[in-house]
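Listed below are the residues making up each chain.
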Amino acid sequence: MTNLVIEATGLTKWYGHRRGVEDVALGVVEGEAFGFLGPNGAGKTTTIRLLLGFLRATSGSARVFGADAFRDAARIHARVSYLGSDPGFLGELTAAEQLDYLGGLRGLPRRAWAPLVERLGLDPTVRIKRLSRGNRQKIGVVAAFMGREPLLVLDEPTSGLDPLMQREFLALAAEARAAGRTVFLSSHNLIEVERACDRVAIIRDGRVVQVSGVGELLGSHWRSVNLVLAAPPAPDAFDLPGVEVVAMTGREVHLMVRGNVNALLGRIAAHAVEDIAITTPDVEDLFLRLYRDDGAASPTAPGEVPA
Amino acid sequence: MTAFRLELRRCRSLALWLAVSLAVYGAVMGVMYPFLKSNDELMRQYMATFPKEFLAAFGMTGVLSDPGVFYTTYMSSWLWPIIATAAALLLGTRAVAADLDRGFLDLPLATPLSRARYLATNITAQVIVLAALATTAVLSIWLSAAATGNVFDLRGYALAGVLSFAFACALAGAATLLSVVTLSRGQASGIIGGAVFAMYAVFVVTQVSKDWAWLAPLSAWGHFRTTELIDQGVVPVGDLALFAAVAIGGWLAAVWAFRRRDLAA
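Residues numbered from 1 in each chain as written. Chains lettered and ligands numbered in written order. Predicted model: local features only at pLDDT ≥ 70, side-chain atom pairs only at ≥ 80, totals over all residues. Heavy atoms only, no water.

Peer 1: Talk me through the environment of A:Ala196; I want residue IDs and the actual numbers.
Peer 2: Residues and elements named next belong to chain A. Tracing the backbone through its elements, the reader meets Ala196 in helix 7 (residues 190–196). Its relative accessible area of 21% is what places Ala196 among the partly exposed residues. Along the backbone, Ala196 and Val183 are 13 residues apart, and their C-alpha atoms lie at a distance of 9.0 Å. The residues contacting Ala196, other than those within four sequence positions of it, are Ala33, Leu170 and Leu185. (Helix = DSSP H or I, 4+ residues; strand = E, 2+ residues; numbered from the N terminus. Buried < 20%, exposed > 50% of the residue type's maximum accessible area, 1.4 Å probe, protein only. Contact = heavy atoms within 4.5 Å.)

Peer 1: Describe the interface of chain A and chain B, naming the residues involved and giving the relevant values.
Peer 2: Counting residues at the interface gives 29 residues for chain A, matched by 26 residues for chain B. Carbon and sulfur atoms make up 59% of the area that chain A and chain B hide from each other, which totals about 2300 Å². Taken as a group, A:Phe54, A:Tyr101 and A:Leu105 account for 26% of the area that chain A buries against chain B, more than any other trio of residues on that side. A:Glu97 is paired through a salt bridge with B:Arg9; the nearest N and O atoms lie 3.0 Å apart. Inspection of the region where chain A meets chain B yields twelve residue pairs in polar contact (both at pLDDT 80 or more). When residues of the side of chain A that touches chain B are assigned to their parent elements, the largest contribution, seven residues, is made by helix 3 (residues 95–105) of chain A. (Buried area = accessible area lost by both parts, 1.4 Å probe. Salt bridge = Lys/Arg side-chain N within 4 Å of Asp/Glu carboxyl O. Polar contact = N/O pair within 3.5 Å; in protein donor to acceptor, adjacent residues only side chain to side chain.)

Peer 1: Outline the pairing of strand 3 (residues 33–37) of chain A, supporting the account with residue identities and numerical values.
Peer 2: Residue and element names in this part refer to chain A. Judged by how many residues are buried, strand 3 sits mostly within the fold: five of five residues are covered. With four bridges connecting them, strand 3 and strand 9 (residues 199–204) associate as parallel partners. If you follow Leu37 over to strand 9, its bridge partner there is Ile202. (Pairing = 2+ DSSP bridges.)

Peer 1: I'd like to hear about the packing of aromatic side chains, residue by residue, with values.
Peer 2: For the structure on display, the rule yields 19 aromatic pairs over all chains. Arranged with centres 6.3 Å apart and planes meeting at 40°, the rings of B:Tyr118 and B:Phe258 form a pair that is tilted. Here the residue B:Tyr118 occupies a position in helix 7 (residues 115–147), and B:Phe258 occupies one in helix 11 (residues 237–260), the gap between them amounting to 140 residues. Each member of the pair B:Tyr118 and B:Phe258 is classed as buried. Directly above the aromatic system of A:Phe65 lies the positively charged group of A:Arg79, at a separation of 3.9 Å from the ring centroid. Positioned over the ring face of B:Phe104 is B:Arg10, at 4.9 Å from the centre of the ring. (Phe/Tyr/Trp six-rings, centres within 6.5 Å; stacked < 30°, edge-to-face > 60°. Lys NZ or Arg CZ within 6 Å of the ring centre and 35° of its normal.)

Peer 1: Can you lay out empty space enclosed by the protein for me, pointing to particular residues and giving the numbers?
Peer 2: Applying the stated criterion across every chain, the model contains four cavities of 30 Å³ or more. The calculated volume of the largest cavity comes to roughly 120 Å³. Every residue lining the largest cavity is counted, 15 residues in all, and those nearest its centre are A:Tyr82, A:Leu102, A:Arg106, A:Ala143 and B:Leu107. Elements with a minimum of two residues in the lining of the largest cavity: strand 6 (80–83) and helix 5 (133–145) of chain A together with helix 6 (106–109) of chain B. (1 Å grid on protein atoms, 1.4 Å probe; cavity = no way out; pocket = protein on both sides within 12 Å on 5 of 7 lines; lining within 4 Å. Points joined across faces, edges and corners; volume = space filled by probe spheres on them.)

Peer 1: Just give me the short version of the environment of A:Gly121, but keep the residues and values in it.
Peer 2: All names here are of chain A. Inspection of the secondary structure puts Gly121 in the loop between helix 4 (114–120) and helix 5. A relative accessible area of 55% places Gly121 in the exposed class. Distance from Gly121 to Phe65, taken between C-alpha atoms, is 34 Å for residues 56 residues apart in sequence.

Peer 1: I'd like a description of the sheet that holds strand 2 (residues 18–29) of chain A, backed by residues and values.
Peer 2: Residues and elements named next belong to chain A. The strand order 2-1-4-5 describes an open sheet built from four strands, whose pairing is antiparallel. Edge strands, defined here as strands with exactly one partner in the open sheet, are strand 2 and strand 5 (67–68). Bridging between strand 4 (residues 59–64) and strand 5 involves two bridges; their strand directions are antiparallel. Within strand 5, the residue paired with Val64 across the bridge is Ala67. Sheet strands in contact with helix 1 (residues 44–51) are strand 1 (4–15), strand 2 and strand 4, and its direction is about 65° off that of strand 2. (Axes fitted to C-alpha atoms, helices over the stretch in contact; angles between N-to-C directions.)

As structure tokens, then:
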């Protein structure tokens, strides 16, 4: 039986007449790294606040470790480490004091943060109000990873971090995952999710429109095919379902293919091919396509979890 | 203890500056007392030039050299309400409304610390700070007067300190509750500040015009009477109970509401 750490069913939140999220269904399995992708305002933070019990659902249910996310919040939080996108640390404290405070509330020993602070190159003695946004976000990363809670909930954790620190963050996430911890990573950065996660849910306008493996997400979408043939092909040479002819200039052909490529390869094989390049679309392109084309991303069993 | 230590630390600066203000002011007033006493007759003649009702509105219901009138005029009717209101608003609205606004609230509440314990910790800190400020207000005047050879009745002054503390707690309880209900420091402070000002205005009107005297019980100042308390040693059980009920009721309702409240960032 699959052990669900996070389970949301029909999760809906309205702020008066303003939509937060609607009918969100999610299932995050113990030990997996789960990405939660969507642009700003899509409902990522609302979903996370519902899962952490900061908000009460208008309807539907959110359960974490089998407990009600709102009613049993404090009990759930004993097993959760959370990092928000812009944590409001107290400026008058030093990083060390702030981290000791958060560690103390989580039952961690003093200076539990020390190894991570050293690894991220953070000066713990400086008052937080004197730190840059990136360094303040480092404190958040340290706070999130300094414990051993089995679930990490990270809401846009790399915003403000430089590329080196983003890489360090991904390494920390991979280590957490290797240690058997479950990672729930909300982001609008596809590359980050692609690198860190096994599965991904895409949220758009408050609704989860797709849940799939990261590989599947990339595999089930468009690929770019560039051909150089020995002779110009017939205009209808590549008229196939799921194939778009982007450009055909003499012997050079640019196609976009979606789904299974076997039929297309059969047509290509009927020609003398001088050169061929098949590339996976850039993950950013994929995301943009998903958001640009209404209906391109049909809801595909959002709550489905791997067997 | 971790949460409580931070609460106290966050109150430290505010408590220190308010206490210093009270202590300096109280000390100056205490030192001034012998001059009021030695010029008692002159002060009587001077005050006689004002309408009695007008003076009563500012707590001056007798001669200024009287210990109860002295304390009421210079502390209870003037600096203490200002200090108590400022402390109650700043402390009462910080833990929920202000900390939600600055993004801090998520941090402790994402740990095993429950909402009820988080707010209870803040309320405990409020009580400690307000008690310290009330003690400072009373002791600063009492000690400085004593230093000039005028030893006031300590019991009366201690009772005044208790009533002052209860008055401030009532404001803090209401501010905490409004902070949870509105999730806005500005709104909660505006409502409490407005109510305090309105109650003061009502009290002034009730003192100036006997036609409106029936309104006095509706004003906090109608229950914050330190003159008789100091001069006659009468324990104002009813007034204390009223302030305690507002304070404890406000705090309990705040905790109850906070446990059920959406915390929309």
